[in-house]
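Structural characterization, general
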Amino acid sequence: GNALTFVNSITVGAGRTLTGIATSPNTVLGSMTSGGDILLASTGNAAADGVFIFNVVTSTAGVITVSAQRDVTLGATGSLVTAAPPTNPAISITADQDATGVGTVSLEGTLNSTNGNITIAGIGVAQTAGSTINSGTGTTTIDGGNAGGEGAITFAGSITTTFS
């Protein structure tokens, strides 16, 4: 397959969609900012495939969608941030998109939806102690399974929602 690695920072203007789709690993090393939606995906189903985020990914006026047939990892230096989500879910993370029973979500970094909904799904979801999830007045939904199987959901970091 074809791997995709964002080494340098990238910024796209207002109303523009930033899309990165790989058939093998999709790795974000440089920061990303979009004035519209952001889609990061990996359609590969080999053991090392997935989406791996190690820097700040920000949508100033859209939603962020991360999708993989295999794993999704948000590293300790990674974050997904929506500044003004127009629709929900503002942040959506899905591992095991094809429901084959293989694909976990690992959260070490930060999710902040600025009052939008956050959805996280995979065959297992694991959050480390340094990770934070903040959906403000939005909701946070976490699903550890699908038609392909069920996995453990473990939390060690923080999850914050604010009722208004």
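What comes next concerns the included structure. Quantities reported herein were computed from a predicted structural model and do not represent experimental measurements.

Check the secondary structure of the protein chain and you find zero helices and 22 strands. For 164 residues, the compact-globule estimate of 2.2 N^0.38 gives 15 Å, and the C-alpha radius of gyration of the protein chain, at 14 Å, lies within 12% of that figure. In terms of principal-axis extent, the alpha carbons of the protein chain reach across some 35 × 35 × 25 Å. With 164 residues in all, the protein chain has 43% of them scored as buried. Pairs at least 24 apart in sequence give 45% of the contacts found in the protein chain among residues at least 6 apart. Surface summary for the protein chain: the accessible area is close to 6900 Å², and the carbon and sulfur share equals 54%.

This part covers the nonpolar core. Ranked by size, the top nonpolar core spans 25 residues in total, and within it L40, I53, V57, L80, I93, L107 and L111 carry the most contacts. Residue assignment for this core shows that the elements contributing at least two residues are β6 (38-42), β7 (50-53), β9 (64-68), β10 (71-74), β12 (91-94), β13 (105-107) and β15 (118-121). If near-sequence neighbours (up to four positions away) are discounted, L111 is found in contact with L74, L80, I91, I93, I118, I120, T132, I133 and N134.

All right, on to unusual backbone geometry then. The residue T114 is not glycine, and still its phi comes out positive at about 45°. Relative to the elements of secondary structure, T114 occurs in the loop between β14 (110-112) and β15. Among the residues examined, T114 registers a relative accessible area of 33% and is labelled partly exposed. Phi at N115 is positive, roughly 75°, even though this residue is not glycine. Tracing the backbone shows N115 in the loop between β14 and β15.

Looking now at the sheet that holds β7. One open sheet accounts for seven strands, arranged β1-β4-β7-β10-β13-β16-β21; its pairing is parallel. Both outer strands of the open sheet, β1 (4-6) and β21 (153-154), are each paired with one neighbouring strand and no more. In this sheet, strand β4 (residues 26-28) lies alongside β1 in parallel orientation, the contact comprising three bridges. Its bridge partner being in β4, F6 is matched across the sheet by V28.

Structurally, D49 can be placed in the loop between β6 and β7. Despite being buried, D49 has no salt bridge partner; R70 is the closest side chain of opposite charge, sitting 6.8 Å away. At 3.1 Å, the side chain of D49 and the backbone nitrogen of N45 are in polar contact. Separated by 2.9 Å, the side chain of D49 and the backbone nitrogen of A46 make a polar contact.

Turning to the environment of T137, a few remarks are in order. Positionally, T137 belongs in the loop between β17 (132-136) and β18 (140-143). Classification of T137 by relative accessible area gives partly exposed; the value is 42%. As for T137 and G149, which are separated by twelve residues in sequence, their C-alpha atoms are 31 Å apart.

Reading across from one edge, β2-β5-β8-β11-β14-β17-β22 is the order of the seven strands in this open sheet, with parallel pairing throughout. Each end of this open sheet is capped by a strand with a single partner; those strands are β2 (10-14) and β22 (158-161). Taken pair by pair, the neighbouring strands of this sheet meet at an average axis angle of 5°, ignoring direction. With three bridges joining them, β14 and β17 adopt parallel strand pairing.

The next thing to look at is a nonpolar patch on the surface. Together, V7, L29 and F54 make up a nonpolar patch on the protein surface, roughly 250 Å² of accessible area in all. With respect to the helices, strands and loops of the structure, V7 is situated in the loop between β1 and β2. The exposure class assigned to V7 is exposed, which follows from its relative accessible area of 53%.

What counts, and where the lines are drawn
Per chain, residues are indexed from 1 in the order of the written sequence. Only residues with pLDDT of at least 70 get local features here, since the model is predicted, and only at 80 or more are side-chain atom pairs given and counted; chain-wide, interface and lining totals rely on the full set of residues. Neither water nor hydrogens contribute to the side-chain values; these are computed over all heavy atoms in the structure. Put simply, DSSP marks the helices as runs of H or I at least four residues long and the strands as runs of E at least two long, and each gets a number from the N terminus on. Radius of gyration: C-alpha atoms only; globule rule: 2.2 Å multiplied by the number of residues to the exponent 0.38. Whether a residue is buried, partly exposed or exposed follows from its accessible area with a 1.4 Å probe, protein chains only, as a fraction of its type maximum: under 20%, in between, or over 50%, in that order. Contacts were defined at the residue level, with two residues in contact if any of their heavy atoms lie within 4.5 Å. Per-residue and other accessible areas were derived by the Shrake-Rupley procedure at a 1.4 Å probe size, with only the shown protein chains allowed to occlude residues. Take the buried residues of types Ala, Val, Leu, Ile, Met, Phe, Trp, Tyr and Cys, join any two whose side-chain atoms come within 4.5 Å, and each joined set is a nonpolar core. For two strands to count as paired, DSSP must find a minimum of two bridges between them. The charged-residue count follows a simple rule in which Lys and Arg add positive charge and Asp and Glu add negative charge, with His and chain termini not counted at all. Salt bridges are identified by distance alone: a Lys or Arg side-chain nitrogen within 4 Å of an Asp or Glu carboxyl oxygen. Whenever two N or O atoms come within 3.5 Å, that pair is a polar contact, provided that in protein one can donate a hydrogen and the other can accept it, and provided that, for residues adjacent in sequence, both atoms are side-chain atoms. Each axis is a line fitted through C-alpha atoms, and for a helix only the stretch in contact is used; angles between axes span 0 to 180 degrees, taken between their N-to-C directions. Patch definition: residues with relative accessible area over 30% and no salt bridge; like charges joined within 9 Å; nonpolar side chains (Val, Leu, Ile, Met, Phe, Trp, Tyr) joined within 5 Å.

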